[in-house]
Amino acid sequence: FFQKTLTAVKNWFTLFGWSKGQNPISIPYSLRCDACKVQMSSSQETAFKQNLGKDTKTVYDMVFHLSGQLLPGITSSKSLPLDPVEQLLQLHWQYSVLLSFLKSQGAYLPHVMPEFLLEPDDYMKWIKVQTALKVDVKNLDILSNNHLFILEENMFETMSKRAWTDVLLQIYKVFVLPRVSSRNSTDQFSLESVQKMPRIKLEPLSSNIYSPYERAILTWLNKHYEKNRKTVWKDCQKGGVPPMRWIVNFDQDLLDGLVLAAQLAAYCPYLIATHFVRMYTNPRTHEQFLHNSLILVDAMHAVSLAIDIKV
C-alpha cells in the first residue's frame, strides 16, 4: 500500500509540482540531494549561481510554485556554508523552517522531525554532533533527551522515505486540494433524478475521513455520473444502462471505470461513440474490469490527458 502511495505521489509531483513543466523526482533521493545542492567552493559558486534558476530545482521551489509563498529566510540562491558542521546545522534549520511553514498552513506532521529529511550520512553526523553537545555542560539545559530521537542506520532510510512521502502528501493537502471550489454545490442537485440521492455534506465535521474539498469532489462525481449514465450508455454494446449508485469513496466506487468515464463524457461527449459504448456496464470478472480500464485510459490519451495513469 505504501509503495503504491509513494508511486502515485512521485508521479503527481513530477508532472504538476513545478513551474515550467515536468521535473522527474525520486522519493526521497532527489529531494534530499537537491536540498544540498550548493556544497562547493566560492570560486565554483559564482559560475553556479548564473545557471541556478533554470538548471536546478529544490523542494523550496516546489513549495513556492504550489503556494505562491516564499519560506522565511530561504532563497534558491542561498548557499550552504563550507564547514561540514555548519553546513549540517544550516540544512537542519532549513528543514525545520519548511516543517514549521507547512504546519502553519494546516499540515499534520507531528511525527516528522527535520533530521529525518537529511541524507543518511548527514543524519549520522547530526546524531554525533548532538551527542557531543549534550556532553557540554553549558548545553544541558537547552538540549534534553526529548529533542534527540536516534534511529539505527538500517532503519533510517525507511523512516526518511516515509517522512518525505508524508511531507509531499501534506503539501498536496494544504496547497492543492483547497483549490477545489464548492461554489456550484447549490445547483448540482437540480436534476430530479439526482434529488432522490442522499446528499454528501460538505461541513468540516461531517466526516472523519475526507476533507470538505474531497467531499466536494465526491459530490461532483455523483452529479455527473447520475446526469450522464443514461446518455453515455443508452446504445451500449455490452449491457444496458448502469444502475444508479451513491459514490462515497475514491477506491471501491471507481473500480469499474464507469464513474470516471461519465466524468470524461461530461466534458468530451465525442468520446461516447468512439470509446465508452464498448464498456461493460455490469462488469463481473477481472477481464471485464480490465477491459473497461483499457478503454478509459485510451480515452484519456485520445484527449491528451497524459497523466501517466496505468490501466
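Here, the structure is the one placed above.
Residues numbered from 1 in each chain as written. Predicted model: local features only at pLDDT ≥ 70, side-chain atom pairs only at ≥ 80, totals over all residues. Heavy atoms only, no water.

On to the overall build of the chain. Counting its regular elements, the chain contains 13 helices and zero strands. The proportion of buried residues among the 311 residues of the chain is 41%. Look at the contacts in the chain between residues 6 or more apart in sequence, and 63% of them connect residues 24 or more apart. Carbon together with sulfur atoms contributes 56% to the accessible area of the chain, which is approximately 17700 Å² in total. (Helix = DSSP H or I, 4+ residues; strand = E, 2+ residues; numbered from the N terminus. Buried < 20%, exposed > 50% of the residue type's maximum accessible area, 1.4 Å probe, protein only. Contact = heavy atoms within 4.5 Å. Areas by Shrake-Rupley, 256 points an atom, 1.4 Å probe, with all protein chains shown as cover.)

Our next topic: the side chain of Arg-32. For Arg-32, the location among the structural elements is in helix H2 (residues 29-35). In terms of polar contacts, Arg-32 uses its side chain to reach the side chain of Glu-157, at 2.7 Å. (Polar contact = N/O pair within 3.5 Å; in protein donor to acceptor, adjacent residues only side chain to side chain.)

What follows covers the nonpolar core. Grouped together as the largest cluster of nonpolar side chains are 42 residues, with contacts concentrated most on Leu-102, Leu-168 and Ile-171. Put simply, the parts of the chain that give this core at least two residues each are helix H1 (2-16), helix H5 (59-67), helix H6 (84-104), helix H7 (120-135) and helix H8 (153-175). Setting aside anything within four residues of it in sequence, one finds Leu-102 in contact with Ala-107, Leu-109, Val-167, Ile-171 and Phe-175. (Core = buried A, V, L, I, M, F, W, Y, C linked by side-chain atoms within 4.5 Å.)

Now for unusual backbone geometry. The omega torsion of the bond from Ile-27 to Pro-28 falls at 5°, within 30 degrees of zero and hence cis. Tracing the sequence through the fold places Pro-28 in the loop between H1 and H2. Phi angles above zero are rare outside glycine, and Lys-20 is one such case at about 60°. Secondary-structure assignment places Lys-20 in the loop between H1 and H2. Of note, Ser-304 is a non-glycine position whose phi angle comes to about 60°, a positive value. Classification of Ser-304 as exposed rests on a relative accessible area of 63%.

All we've got here are geometric facts, nothing functional implied.
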